[in-house]
Amino acid sequence: MNKKDLKMIEEALKKSPNNIALRLTYALKLFKLREFDLSEKNYQVVLKSDPANTKAKQGLVELYFAKGNYSAVIVIAEELVKIGAASEKMMELYAKALLRQNSIAEAQEIYERIIKNNPFYFDEELDSVLEDQDEYLNDGDFEEGEDDFDYDEDEMDDIFDNPFFTDDSYLFLDSNAVQWNKVIGMEEIKRLVEYKSYILTPELSKQGQNNKFNLLLYGPPGCGKTYFAAALANRFDASVLPVEMDRVNDMFMYKAEGRIQYYFAKMRLNKPCILIIDELERFGTSQDIFNSFENMQVLGKLVEELDGVRYKNSEQFIVSATNRPWQIEQGLFSPGKFGWNRFVGPPAYKERVKFFESIKNQHQFTAQEIANLAGATKFFSFAELNHLIDMAKYEAKTKAGRKKTKLTFAETEGLIAGITPFAPNWIEIFMEKAPAFLLKEVTGFMEKFD
């Protein structure tokens, strides 16, 4: 459908403005061209003339769903269901709208009605959230004597009984918690993430580019990997959902698998959304480190979700971090999983200077003193630099026995020798244990590090 064809329909409507069939065709063509407001206007014209017109109502269901007006979808779809005019497509959009409004039980009911009418029906999103909910999370699937072990029924509580999983205020990061402009260094990684941000804009992500981005950041602890990931909530107009291993872990592995699937489904239900996986080694541990059937099940579920086998057309933006890349299953570094991986090392000299400049309200250092401190803290991570400042504050405000508002150079410099940076030890372990394909980037970093 092009603009020329649309113009022909418009000319025909001028001659026959009351032709309902023609106006419905026009409204549908406008919808396909994403001219939502004009499409809605024409559907409403039809309903004004014929309030019972089911085709107009079905068209509005699709239109409102595309616009994200899920409350309107639910109202119209419910009306269509009552009069028996809801197609399978309408039922599907109805169930998905209920999910987006967190009406899980109602969505489950509609989904079951679809399955009853069509046993061969399959939808990726509904299946992952609703059908697999029974497979992984339904206590009723277990009967006494079915397994060889005893369990407490309280330990089999459904994932959705936990307020953490049902209240989004627990799940998503505050967009103001970490300011993007406070992130020092990592310029190449920033450029990469900025470039891939088109995935977070549906209009751009459908222009033939790869709509999946899985980034893995690795390096010594305290160098800013997690801080960078948290700042994404402030930089982009998208929800940021951190996956917490302590929330996923469970003595029953089917629950751990189900919870991994839950996080990914939650990401897809709240697009645009960025999924953050910290401490990836706890999810994707190498078989050589911890080879067990249960661990491999969880790893398999993670790989399945990263691959997006069942969600080929779904925008996926995932940033992960690890301090122990040598413990991660090497297959996770392949394209399609975390083919995009970047080393995050301790801040270089210029970045250490920026750090001390960024906290100028806490000290009274001159430019030369800042340069001296930056030179004396080689290999310090951002966490260790912050620790240095905290120690200096403690010394100034307690041991010195006097009130102090700003630190002096002497107070701070005298404490540097008492802190041993962890990065050199980490790099030594990395060089010994890491897979060969990761060594080049770290070696290059060390050659030019100052």
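Side note on the overall build of the protein
Across its full length, the protein holds 22 helices and five strands. Expressed as a percentage of the 450 residues in the protein, the buried residues total 48%. The long-range fraction of contacts in the protein, counting pairs at least 24 apart against all pairs at least 6 apart in sequence, stands at 70%. Summing over all exposed atoms, the protein offers an accessible surface of approximately 23100 Å²; the carbon and sulfur share of this is 49%.

Topic: the pattern of salt bridges
Per the stated rule, a full pass over the model turns up eleven salt bridges. A salt bridge links R342 to E188; the shortest N-O distance between them is 3.2 Å. Highlighted residues: R342 in strand β5 (residues 340–343) and E188 in helix α11 (residues 187–196), separated in sequence by 154 residues. Members of the salt-bridge network, linked through shared partners, are D37, E40 and K67.

What about helix α18 (residues 367–376)?
Within α18 the residues assigned to the buried category are I370, L373 and A374. Mapping the buried residues of α18 onto a view down its axis gives an arc of 100 degrees, with all of them on the same face. For α18, the elements touching its buried residues are α17 (349–358) and α20 (409–413).

As for the environment of E92
Among the secondary structure elements, E92 is positioned in helix α6 (residues 88–100). Distance from E92 to A107, taken between C-alpha atoms, is 9.3 Å for residues 15 residues apart in sequence.

Quick look at the sheet that holds strand β3 (residues 273–277)
Pairing in this open sheet of five strands is parallel, and the strands run β2-β3-β4-β1-β5 from one edge to the other. The sheet is open, and its two borders are formed by β2 (239–243) and β5, each paired with just one other strand. Direction aside, neighbouring strands of the sheet carry axes that sit 20 degrees apart on average. Of the pairings in the sheet, the one linking β2 to β3 comprises five bridges and is parallel in character.

Observations concerning helix α13 (residues 225–235)
Buried residues of α13: K225, F228, A229, A230, A231, L232 and A233, and no others. Among the structural elements, α11, β1 (212–218), β2, β3 and β4 (316–322) are those in contact with the buried residues of α13.

Some words on the pairing of β4
For β4, the buried fraction is high: seven of the seven residues fall into the buried class. Alternating residues of β4 divide into Q316, I318, S320 and T322 and F317, V319 and A321, and every residue in both groups is buried. Pairing of β1 with β4, which is carried by seven bridges, proceeds in the parallel orientation. Counted as the bridge partner of N214 is I318 from β4. Pairing geometry for β3 and β4, over four bridges, is parallel.

Considering the packing of helix α4 (residues 54–67) against α6
Where α4 meets α6, the axes come as close as 10 Å, and the angle between the chain directions of the two elements is 35 degrees. By crossing handedness, the relation of α4 to α6 is classed as left-handed. Counted together, Q58, V61, E62 and F65 of α4 and K89, M90, L93, K96, A97 and R100 of α6 form the full contact between these two elements. In terms of residue class, the contact of α4 with α6 is built from five nonpolar, one polar and four charged.

Criteria and cut-off values
- Residues numbered from 1 in each chain as written.
- Predicted model: local features only at pLDDT ≥ 70, side-chain atom pairs only at ≥ 80, totals over all residues.
- Heavy atoms only, no water.
- Helix = DSSP H or I, 4+ residues; strand = E, 2+ residues; numbered from the N terminus.
- Buried < 20%, exposed > 50% of the residue type's maximum accessible area, 1.4 Å probe, protein only.
- Contact = heavy atoms within 4.5 Å.
- Areas by Shrake-Rupley, 256 points an atom, 1.4 Å probe, with all protein chains shown as cover.
- Salt bridge = Lys/Arg side-chain N within 4 Å of Asp/Glu carboxyl O.
- Arc of directions from axis to C-beta.
- Pairing = 2+ DSSP bridges.
- Axes fitted to C-alpha atoms, helices over the stretch in contact; angles between N-to-C directions.
- Left-handed = near helix turned anticlockwise from the far one by under 90°.
- Nonpolar A, V, L, I, M, F, W, Y, C, P; charged D, E, K, R; others polar.

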